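Chain and residue survey
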Amino acid sequence: MTKVRTRYAPSPTGHLHIGGARTALFNYLWARKNGGSFIVRIEDTDLERNLSDAEKKQMEALKWLGIEWDESVDVGGPHAPYRSMERLHLYETYLKKLIDSQKAYPCYCTQEELDAEREKQLAEGVAPKYSGRCRHLSNEERIAFEKEGRTPSIRFRVPEGRTITVQDEVRGEVRFETDGIGDFIIQRPDGRPTYNFAVVVDDALMEITHVVRAEEHLSNTPRQILLYEALGFTPPVFAHASLILNPEGKKMSKRDESIIQFIDQYRDLGYLPESLVNFLVLLGWAPEGEKAEEEIFSKEELIDLFTLKRVSKAPAVFDSGKLKWMNNAYIKASSLERITELAIPHLAKAGRISETVRGEEREWVKRLVGLYQEQLDYVAQIVDLTEMFFRDEAAYSDEAKQVLSGEHVSEVIAAFVRQLESSEEAFTPDHVKKLLKAVQKETGQKGKNLFMPVRAAVTGEVHGPDLRESMTLLGKEKVIARLKDFLDRKPQILSE
RNA sequence: GGCCCGUUGGUGAAGCGGUUAACACACCAGCCUUUCACGCUGGCAUGCAGGGGUUCGAAUCCCCUACGGGUCACCA
């Protein structure tokens, strides 16, 4: 059996998209599962749309996700180069073969002529398709066009009256009539190949065995099969996954803002790569048998479980709520150290701490993050969540004011202040517990009547994580200052 | 418009001719907790797009319709 080789072949026109990431992931998993190779090839023939650092950005994003390649532009490989624009000589060779065998021909139509033709067809309600007007040009006619200064593009001569059957791993047999396919351009006038031609040459030469991609390529497949045939290559196994839809059930457009679409945006928000991988793979794929009841899978498990046959035919809606849940699950399962490490840049960016926190301060940050670890959907949330630790005075919510306007509040707070000021012991959660006990004894207030006023006065909120730990992290001075401030300004605070 | 693909609860989905149609997210309730979050328990969802067949029996097989999507580029 030949070695499995798969590839992800993005064009460097933007950031790594969740759809592209999923495609890459499927290819990666399939290669790994079969002990094969995964290749990243750059399809950069569309010069106009290429973005300068898109290639680098996309590859970084893939690497971040843990999707590692065996051959590509950076590490090289037996079929280098891995950028289309560096493979022009190869396309040239195969193009010549097609022209020599009359399977391709020069087309002198201008863009304007083609547009006009197309418009006319559309207006007549006919399927837009190249008319074939340059298909049978005589030599004289060709020379005449050349004299006019026209440089031809090269079209592939699509055979008439044939049925092309695509053997698709996920969809079964899909048939297309060649009569519905117009002669398509395989090389532009300036010598650059078009996608359909480049992929075929590249996939064939790179010995790709399985082409896994999104459904939008399904109708390209018969064209490619025709090219494989004309060039004498054996086509790979195809597998077309369905599209990922936005919450409205529409195809995601890059401009769609209802959903975050790029991998690096998730990275920047503090999503974990494992959870993204886990989430993405489940969008249009499900494991077989009893494993279908689970949803958290490590990369190793995925490599073990993944099969193309289980890729879904039906489109999947991207549910960011579920992604959040999954990310939260991974954050909870992560070490506090890791989450702290991820949280520091966010806190630093918000001006709360220094990027290079060390020693005691770093320990403090770690405890702070620990307070919120289990409720983080993504790490960036740490900034808003911890806001109250970084301000001098508490900002009182309406609910807090409500609590603070209750009976015995001043009494409780005053007693707590006295306890704090008269205590010499280290300010630890245990110690705070003792002090609050003493307040309870002194005032007779307990439970909610004790804790809520204290929480509200110190934090300005009626909700929040463990109060003793929170106060300890805030520091004794700050706690006392806030309590006194409350006592001093009580009428004002409550009436604001 | 032609061609192609798809359609299981709000969402991801299992299901492969006989099931009370899994599981998970979301949602609701209870428990836990000083509160929130987490966690646990339970519930809801009145789900197989609709219509015809085939069959003793259909979410599962066939046909039609509807709806959604893809594609028909000198974009990939």
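As the structure is a prediction and not an experimental result, all values here were calculated from the model.

Quick notes on the overall build of chain A
Summing up its helical and strand segments, chain A has 20 helices and 11 strands in all. Relative to the 2.2 N^0.38 estimate, which gives 23 Å for 496 residues, the radius of gyration of chain A is 32 Å and therefore markedly larger than a compact globule would have. Each of the three principal axes of chain A carries a C-alpha extent, and together these read 110 × 50 × 40 Å. Going through the 496 residues of chain A one by one, you find that 50% of them count as buried. Considering only intrachain contacts with a sequence separation of at least 6, the fraction spanning at least 24 residues in chain A is 75%. Counting only carbon and sulfur atoms, one obtains 49% of the accessible surface of chain A, whose full area is about 23900 Å².

Re the packing of helix H16 (residues 409-422) against helix H17 (residues 429-443)
The N-to-C vectors of H16 and H17 enclose an angle of 135 degrees; their axes lie 9 Å apart at closest approach. As summarised for this structure, H16 and H17 are arranged oblique, according to the angle between their axes. Where H16 crosses over H17, the two elements pack in a sense that is right-handed. Mapping the contact onto sequence places Glu411, Val412, Ala415, Phe416, Arg418, Gln419 and Leu420 in H16 and Leu435, Leu436, Ala438, Val439, Glu442 and Thr443 in H17. Classifying every residue of the contact of H16 with H17 gives eight nonpolar, two polar and three charged.

With respect to the confidence of the model for chain A
Overall, the prediction assigns chain A a mean pLDDT of 92, with 100% of residues at 70 or greater. Per-element averaging of pLDDT across chain A places helix H4 (residues 111-123) at the bottom with 83 and strand S2 (residues 37-40) at the top with 98.

A closer look at the nonpolar core
Counting 103 residues, the largest nonpolar core has Phe318, Phe416 and Met471 as its most contacted members. In terms of residue count, the dominant contributor to this core is helix H1 (residues 18-33) (nine residues). Discounting residues that sit within four places of it in the chain, Met471 has contacts with Phe416, Phe427, Val432, Leu436, Val454, Val458 and Val479. Grouped together as the second largest cluster of nonpolar side chains are 33 residues, Val166, Ile181, Ile208 and Val211 included.

Some points on the protein's contact with RNA strand B
Within the structure, RNA strand B sits among 60 residues, and Arg171, Arg188, Glu293, Glu374 and His463 are positioned closest to it. Taking the atoms of RNA strand B that fall within 4 Å of the protein, sugar and phosphate contribute 73% of them. Interatomic distance of 3.2 Å between a backbone N/O atom of Val462 and a sugar or linking oxygen of RNA strand B. Contact distances for RNA strand B include 2.3 Å between a sugar or linking oxygen and a side-chain N or O atom of His463. Looking at the surface near RNA strand B, the elements with two or more residues in it are H4, strand S6 (172-177), strand S11 (316-317), helix H11 (320-333) and helix H18 (448-459).

Observations regarding the side chain of His240
Structurally, the position occupied by His240 is in strand S9 (residues 237-241). Overall, His240 belongs to the buried group, its relative accessible area being 0%. Polar contacts involving the side chain of His240 include one to the side chain of Arg213, which spans 3.1 Å. Apart from the residues lying within four places of it in its own chain, the contact partners of His240 are Asp168, Val170, Arg171, Arg213, Ala214, Glu215, His217, Leu218 and Thr221.

Re the sheet that holds strand S7 (residues 184-187)
On the basis of which strands lie adjacent, the open sheet formed by three strands has the order S3-S4-S7 and antiparallel pairing. Edge strands, defined here as strands with exactly one partner in the open sheet, are strand S3 (104-107) and S7. With direction set aside, neighbouring strand axes in the sheet form an average angle of 45 degrees. One ladder, built from three bridges, connects strand S4 (residues 153-156) with S7; its direction is antiparallel. By the bridge assignment for S7, Phe156 is matched with Phe184.

Quick word on the UniProt feature "domain: Glutamyl/glutaminyl-tRNA synthetase class Ib catalytic" (unreviewed entry) in chain A
Cross-referencing UniProt, the feature "domain: Glutamyl/glutaminyl-tRNA synthetase class Ib catalytic" (unreviewed entry) maps to residues 3-325 in the present numbering. Here residues 3-325 runs as 35% helix and 14% strand, with 38 Å between its end C-alpha atoms.

What counts and what doesn't
Residues numbered from 1 in each chain as written. Chains lettered and ligands numbered in written order. Predicted model: local features only at pLDDT ≥ 70, side-chain atom pairs only at ≥ 80, totals over all residues. Heavy atoms only, no water. Helix = DSSP H or I, 4+ residues; strand = E, 2+ residues; numbered from the N terminus. Rg over C-alpha atoms; globule rule 2.2 N^0.38 Å. Buried < 20%, exposed > 50% of the residue type's maximum accessible area, 1.4 Å probe, protein only. Contact = heavy atoms within 4.5 Å. Areas by Shrake-Rupley, 256 points an atom, 1.4 Å probe, with all protein chains shown as cover. Axes fitted to C-alpha atoms, helices over the stretch in contact; angles between N-to-C directions. Parallel < 35°, antiparallel > 145°, perpendicular 65-115°, else oblique. Left-handed = near helix turned anticlockwise from the far one by under 90°. Nonpolar A, V, L, I, M, F, W, Y, C, P; charged D, E, K, R; others polar. pLDDT = per-residue confidence, 0-100. Core = buried A, V, L, I, M, F, W, Y, C linked by side-chain atoms within 4.5 Å. Near = heavy atom within 4 Å. Polar contact = N/O pair within 3.5 Å; in protein donor to acceptor, adjacent residues only side chain to side chain. Pairing = 2+ DSSP bridges. UniProt positions renumbered as here; feature names shortened; annotations may be inferred.

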